[in-house]
Amino acid sequence: MDSTSEASALLKVKIGTSCYVYDLDDVLAAAQELRSAVPAASRLYYSLKANPHPVVAGVLADAGFRAEVSSIGEFDQACRAGFTAAEALYTGPGKTERDLRDAISRGVRVFSCESVDEIRCLDRQEVPGGDSLQVLLRINGMESHSAGSLRMANTASQFGLTPDRLEGALAQARNVRVVGMHLYTISNAHDVQALIDEHLFNLGAAHRLAGEFGISLEVLDLGGGFASPYARPGERPDYRALRPAVEAEVAGLGLADTTLAFESGRFLVGGSGSLLTEVVDVKQSHAKTFVVLASGINHLGGMSGLRRLPPASAVFENLMPSQGEPETVTLVGPLCTPTDVLSARVWMPRPRIGDVLRVPNVGAYGLTASLVGFLGHEAPAEVTTRAGEVVTVSRLRLTREEERADGFSDSAQDIAHRMQPLLAQHASAADASARFPEESLKALRASGLLGLLVPRSYGGLGGGLRDLAEVGVILGAGCTSTAMIWAMHCQQVDAVVRFGSAELRQRVLPEIARGACYLGSVTSERMKGGDLLTSASALVADGERFWLNRDAPIVTGGMHADSYLVTMRSAPEASPNRVTLVWADRASLTVEQRREWNTMGMRATESVGLTLRGFVDRGAVIGEEGGFRAIALESFVPVGHIAWAAVWLGAARGGLARVATSMRSREQSSVPAAQSDLAQARLADVRTKLEAVSAYLWQVVAEVEQLRSARQRPDAPATQIHLNTLKVLASTLTYQAVDECVQLVGLAHGYRRDSELRLEAVLRDLRSASLNLSNDRLQVTSGALGLVDTSVRLVARSGFRW
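Residues numbered from 1 in each chain as written. Predicted model: local features only at pLDDT ≥ 70, side-chain atom pairs only at ≥ 80, totals over all residues. Heavy atoms only, no water.

Student: Explain the overall build of the protein residue by residue, including any values.
Tutor: Each helix and strand in the protein was counted, giving 20 helices and 27 strands. By the compact-globule yardstick of 28 Å for 802 residues, the protein fits well, its C-alpha radius of gyration being 30 Å. Dimensions of the protein, computed from the C-alpha atoms along their principal axes, are close to 100 × 65 × 60 Å. Per-residue burial over the protein gives 55% buried out of 802 residues. Taking all contacts inside the protein whose residues are at least 6 apart in sequence as the whole, residues at least 24 apart take part in 74%. In the form shown here, the protein has an accessible surface area of approximately 33,900 Å², with 51% of it arising from carbon and sulfur atoms. Across the protein, the centroid of the 81 positively charged side chains sits 4 Å from that of the 89 negatively charged ones. (Helix = DSSP H or I, 4+ residues; strand = E, 2+ residues; numbered from the N terminus. Rg over C-alpha atoms; globule rule 2.2 N^0.38 Å. Buried < 20%, exposed > 50% of the residue type's maximum accessible area, 1.4 Å probe, protein only. Contact = heavy atoms within 4.5 Å. Areas by Shrake-Rupley, 256 points an atom, 1.4 Å probe, with all protein chains shown as cover. Lys, Arg positive; Asp, Glu negative; His and termini not counted. Charge placed at Lys NZ, Arg CZ, Asp CG, Glu CD.)

Student: How would you sum up the side chain of N51? Please name residues and give values.
Tutor: Residue position: N51 is located in the loop between β2 (43-47) and α3 (54-62). The exposure class assigned to N51 is buried, which follows from its relative accessible area of 5%. At a separation of 2.9 Å, a polar atom in the side chain of N51 contacts the main-chain amide nitrogen of H53. When residues no more than four places from it in sequence are discounted, the contact partners of N51 are Y22, Y46, V56, A57, V269 and G363. (Polar contact = N/O pair within 3.5 Å; in protein donor to acceptor, adjacent residues only side chain to side chain.)

Student: So what's going on with unusual backbone geometry? Which residues, and what values?
Tutor: Unlike most non-glycine residues, H286 shows phi in positive territory, near 55°. With respect to the helices and strands, the residue H286 is situated in the loop between β12 (273-285) and β13 (288-293). A positive phi angle, near 60°, is found at L773, a position not held by glycine. With respect to the element layout, L773 can be found in the loop between α19 (759-767) and α20 (775-786).

Student: Quick rundown of the pattern of salt bridges? Include the residues and the values.
Tutor: Here the structure, examined in full by the defined rule, presents 40 salt bridges. Linking R713 and E634 is a salt bridge whose minimum nitrogen-to-oxygen distance equals 3.0 Å. In this pair, R713 is assigned in the loop between α17 (677-709) and α18 (717-751) and E634 in helix α16 (residues 628-665), connecting sequence segments 79 residues apart. For R713, a relative accessible area of 40% translates into the label partly exposed. A relative accessible area of 14% places E634 in the buried class. Here R753 ties to E760 by a salt bridge, and the two come within 3.8 Å at their closest N and O atoms. (Salt bridge = Lys/Arg side-chain N within 4 Å of Asp/Glu carboxyl O.)

Student: Describe in detail a nonpolar patch on the surface, supporting the description with residues and values.
Tutor: Together, L371, F374 and L375 make up an exposed nonpolar region whose accessible area comes to about 250 Å². By the element assignment, F374 lies in the loop between β17 (356-359) and β18 (381-386). (Patch = residues over 30% accessible without salt bridge, like charges linked within 9 Å, V, L, I, M, F, W, Y side chains within 5 Å.)

Student: An account of the packing of aromatic side chains is requested, with residue identities and associated values reported.
Tutor: For the structure on display, the rule yields 10 aromatic pairs. One residue, R545, lies across the ring of F615, its end atom 3.6 Å from the ring centre. When the ring centre of Y735 is taken as reference, the NZ or CZ atom of R767 above it lies at 5.9 Å. (Phe/Tyr/Trp six-rings, centres within 6.5 Å; stacked < 30°, edge-to-face > 60°. Lys NZ or Arg CZ within 6 Å of the ring centre and 35° of its normal.)

Student: So what's going on with the sheet that holds strand β26 (residues 609-617)? Residues and values would help.
Tutor: Read from one edge of the open sheet, four strands run β21-β22-β26-β25, paired in antiparallel fashion. Looking along the sheet, the strands with just one partner apiece sit at the ends: β21 (540-542) and β25 (589-595). Each neighbouring strand pair of the sheet contributes to a mean axis angle of 15°, computed without reference to strand direction. Relative to β26, strand β22 (residues 545-552) is paired through eight bridges, and the arrangement is antiparallel. In the strand pairing of β26, R550 is matched with L612. (Pairing = 2+ DSSP bridges. Axes fitted to C-alpha atoms, helices over the stretch in contact; angles between N-to-C directions.)

Student: Let's hear about the side chain of S521: which residues, and what values?
Tutor: Relative to the elements of secondary structure, S521 occurs in strand β20 (residues 519-522). In terms of polar contacts, S521 uses its side chain to reach the side chain of Q492, at 3.4 Å. Once residues lying within four places of it in the same chain are set aside, the contact partners of S521 are M488, Q492, I554, V555 and L565.

Student: An account of the pairing of β13 is requested, with residue identities and associated values reported.
Tutor: Bridge analysis of β12 against β13 gives six bridges, and the strand direction is antiparallel. Pairing of Q284 across the sheet is with T289, part of β13. Connecting the antiparallel pair β12 and β13 is a turn made up of two residues, with H286 showing a positive phi of about 55°. Where β13 and strand β15 (residues 326-332) come together, three bridges link them in parallel fashion. Counterpart to V291 in the pairing with β15 is L331.

The following block contains the structure:
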């Protein structure tokens, strides 16, 4: 991106006095250069520390790179950008047991271990789903004479294990599997031959150590060292001579079966970024001229004191026409400290107030490597561009969050328990009037539960399927309608998290997390019999937009949604099963109500018929165009069936709890006494049904969570049968359980609308459960799948072999 385009970008987006501009095309070009410089089958990692911006990093995730992270925060940022958790490499010294435990719970399975104690700590961690943890031993302490700008090892440091500690480290690896070594010994090597020599030396050293200590070399991570100019003009080095040299050494050492891995940060993103900053003052002090900029070491170069970046040497270009003769000036930032000097004694025409200066090659170790929090100045905006056009504009903000005195935050379940009585308070009135529970939704927005499945890196609660089920059970006991509204919303959120583009996730997930966006689901359609995987209405392409004209007979809470996920046929000429899922902002649509909602149960969901018309950008497509089937199998079906089953179970459990309490406390003449054999038998029958639903629910949750952790799709016939069975079982047995509760307590207490047991409303709500995605349709599907799963793999614990 040229200087003129960058200046116009700054003015176009109106983002203040400073901004970083990242050229995504340059990131992709660097990725291709690096791939051509290393052996063809090499595993490539992007080091998030260089620049964790989700859109920048997302380009590399889409290009097939894996994430190298050194903290839970970096890992969350990597997931936000679209990297796969199970493929991430967790590195760095000083990992705490909490770090390891949190990383494992989030799906990390590969660790670079730096000490004997770290391996011992990792070895005792429990791993969900019975997965094994893979360990690379980081090696330090071998003599090498190559020179780089920064030595990372082969000298006394906090990094890695010296060879004399390897035997003790291996002795601690009882449950984890040591799969290779990690040698990162040089950084920012502009001398191409020096980098080649370093990697060849490390190849030989790893080969010798593997033979001496019996270490498997399934994977050998040679680190990086790939350089890029920083804060001054220049081009990336050409490392193409590295590939043949490494390939020849690998062949000579007999390491053809070893997977080589390389890491890079600055080479990949350094050249993509420029810092643009305005001149806010020009002043004379004695014989010196000081140019005060809107950006200082809080925006650039704050790590220079750590010798990661050169101090006070950034090269600035004035993007405005210069006037006057060159003179010596000092470029300083706005901070109240004499150390805020970006470039001393610069020979250039004196800038004027309002001029825009540019620093090139700061896409790596720029903003997040600076003193962003010092003195509380606003961070510069970050602008991503592609083909000279602005893609996204965002701004990093530091916030302070209150924590409980005991050091723990409220869990999602704690929040749900606080919400439950509020939902119950408004349930009867909303049911009687078939009115959307606005008060309850307002409380859910404020609670953070709309962001339950939004990753923490976007400000959400970072919950999983077990959290979804647990919260659903709790909310369902308060108000079935409100809980189903929430469950349908969560189903849509999961699809965005798992299949949305980096740009879309960056834009919408923080809004969902803070409760500003309730999502409506537009999947119903007349004349298709509830078939989720087909659509008659088609998207019509209009340049970079699509025209959307969609009629839906049922949209849960549709008139109250802030945005919608809409299924459409991918094009007028496409077959009905080429379905595309799109995000549609309410503000960009014309939304008309076409049908009232006056039903037996679930009255407060206000699931009216709607017609939606408007344009959506191509970037609003979720997943692949025409690829909704994959989203349905991996997200809509498992999340929907689990969340619905949980809500129905919660509603029935709440009814049973009220009945049991009443039976214990009332006179025998009022309701059946707890001492009655018949009453106790009926009570046990109700409990048996709910126990069965509960057990099956948690077993299916475990099965799908294990598949997700292993990055496997839940599309096996047996798994699909289990998901369908969960829905059928829960919808049938919870309704029967509440019906039996009504029979147990009789007309006066079970059938009356004004009874404090509230069974009549729950019974009506649960009657809809078997109709919501018809049980008959699901049973037909399961029957067909049963002819494929001839081994009859029933639901069971992980690892059980039928």
